[in-house]
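Commentary on secondary and tertiary structure
One-letter residues, chain by chain:
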Amino acid sequence: MQFTISQRFYFDAAHTLQREIEAAGSRRIHGHTYHAEVSVSGPRDPANGMVLDLGFLRLRLEAVREQLDHHLLDEVPQLGTPTLENLCTFIATQLADVHPPVSRVRVWRDALGDACVLDIL
């Protein structure tokens, strides 16, 4: 049997974005509340009945959150352009050594209705 567990976190951050639509507001520093959900898929460990201890995942996500929360995303090393797509990739990369591996990262902004999902095959 294959199980998927997930844990959510949020962060508040500012950024700028060079784009052609809604350009004026995007070029100025502005902020959002971002939400992220990280999923891990795999079989249960017969010894403890867990795919992965959620406490361990929470600790790892807190370390990721600290790199993003109340930061200017334009200046976060290894993030690149602060898009939802790059945030998904950044989070997945920060958790590359988790076992079983991360299977999905979702980042969204409730206020705008925007979301991005990275499914890792």
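This text goes with the structure placed above it.
Note that the coordinates shown come from a computational prediction; the quantities given were computed from them, not determined experimentally. Every chain begins its residue count from 1, and numbering advances along the sequence as written. At least 70 in pLDDT is required for a residue's local features to be given in this predicted model, at least 80 for side-chain atom pairs to be given and counted, and no such filter applies to totals for whole chains, interfaces and linings, which use all residues. Neither water nor hydrogens contribute to the side-chain values; these are computed over all heavy atoms in the structure.

Another point: the pairing of strand S2 (residues 30-42). At least two DSSP bridges between two strands are required for those strands to pair. Put simply, DSSP marks the helices as runs of H or I at least four residues long and the strands as runs of E at least two long, and each gets a number from the N terminus on. Here strand S1 (residues 3-15) pairs with S2 via 13 bridges, running antiparallel. In the strand pairing of S2, Ile-5 is matched with Val-40.

Attention now moves to the packing of helix H2 (residues 54-68) against helix H3 (residues 84-94). Where H2 contacts H3, the axes come no closer than 10 Å and their chain directions differ by 135°. It follows that H2 is oblique to H3 by the angle criterion. Crossing of H2 against H3: the hand is right-handed. Across the interface between the two elements, Arg-60, Val-64, Gln-67 and Leu-68 of H2 pack against Leu-87, Phe-90, Ile-91 and Gln-94 of H3. Every axis corresponds to a line fitted to the C-alpha atoms, with the helix fit spanning only the stretch in contact, and the corresponding angles, defined between N-to-C directions, vary from 0 to 180 degrees. Roughly parallel means an angle under 35 degrees; roughly antiparallel, over 145; roughly perpendicular, 65 to 115; everything else is oblique. The sense of a crossing depends on the near helix, which, turned anticlockwise from the far helix by less than a right angle, makes the crossing left-handed and, turned clockwise, makes it right-handed. Contacts were defined at the residue level, with two residues in contact if any of their heavy atoms lie within 4.5 Å.

With that settled, consider the pattern of salt bridges. A pairing counts as a salt bridge when a side-chain nitrogen of Lys or Arg comes within 4 Å of a carboxyl oxygen of Asp or Glu. Here the structure, examined in full by the defined rule, presents five salt bridges. For Arg-8, the salt bridge identified is with Glu-37, shortest N-O distance 3.4 Å. With Arg-8 in strand S1 and Glu-37 in strand S2, the pair connects residues that are 29 residues apart, well separated along the chain. Residue class for Arg-8 comes out exposed when judged on its relative accessible area of 53%. What makes Glu-37 buried here is its relative accessible area of 18%. Buried residues are those whose accessible area, probed at 1.4 Å on protein chains only, stays under 20% of the maximum for their type, while exposed residues exceed 50% and partly exposed ones sit between those limits.

The buried fraction of strand S3 (residues 102-109) amounts to six of the eight residues, a majority that puts the element mostly inside the structure. Note: S2 against S3, six bridges, orientation antiparallel. The partner of Ala-36 across the bridge, within S3, is Val-107. Taken together, the six bridges between S3 and strand S4 (residues 114-119) define a ladder with antiparallel strand orientation. In the strand pairing of S4, Trp-108 is matched with Ala-115. Linking S3 to S4, which pair antiparallel, is a turn of four residues; within it Gly-113 sits at a positive phi near 80°.

Here we have four strands laid out as an open sheet, ordered S1-S2-S3-S4, and antiparallel in their pairing. Edge positions in the sheet fall to S1 and S4, since each has one partner strand and no second. Each strand axis lies, on average, 15° off the axis of its neighbour in the sheet, ignoring direction. Of the strands in this sheet, S1 and S2 touch H2, which is tilted by about 15° from S1. In the packing of H3 onto the sheet, the strands contacted are S1, S2, S3 and S4, and the crossing angle to S3 comes to about 140°.

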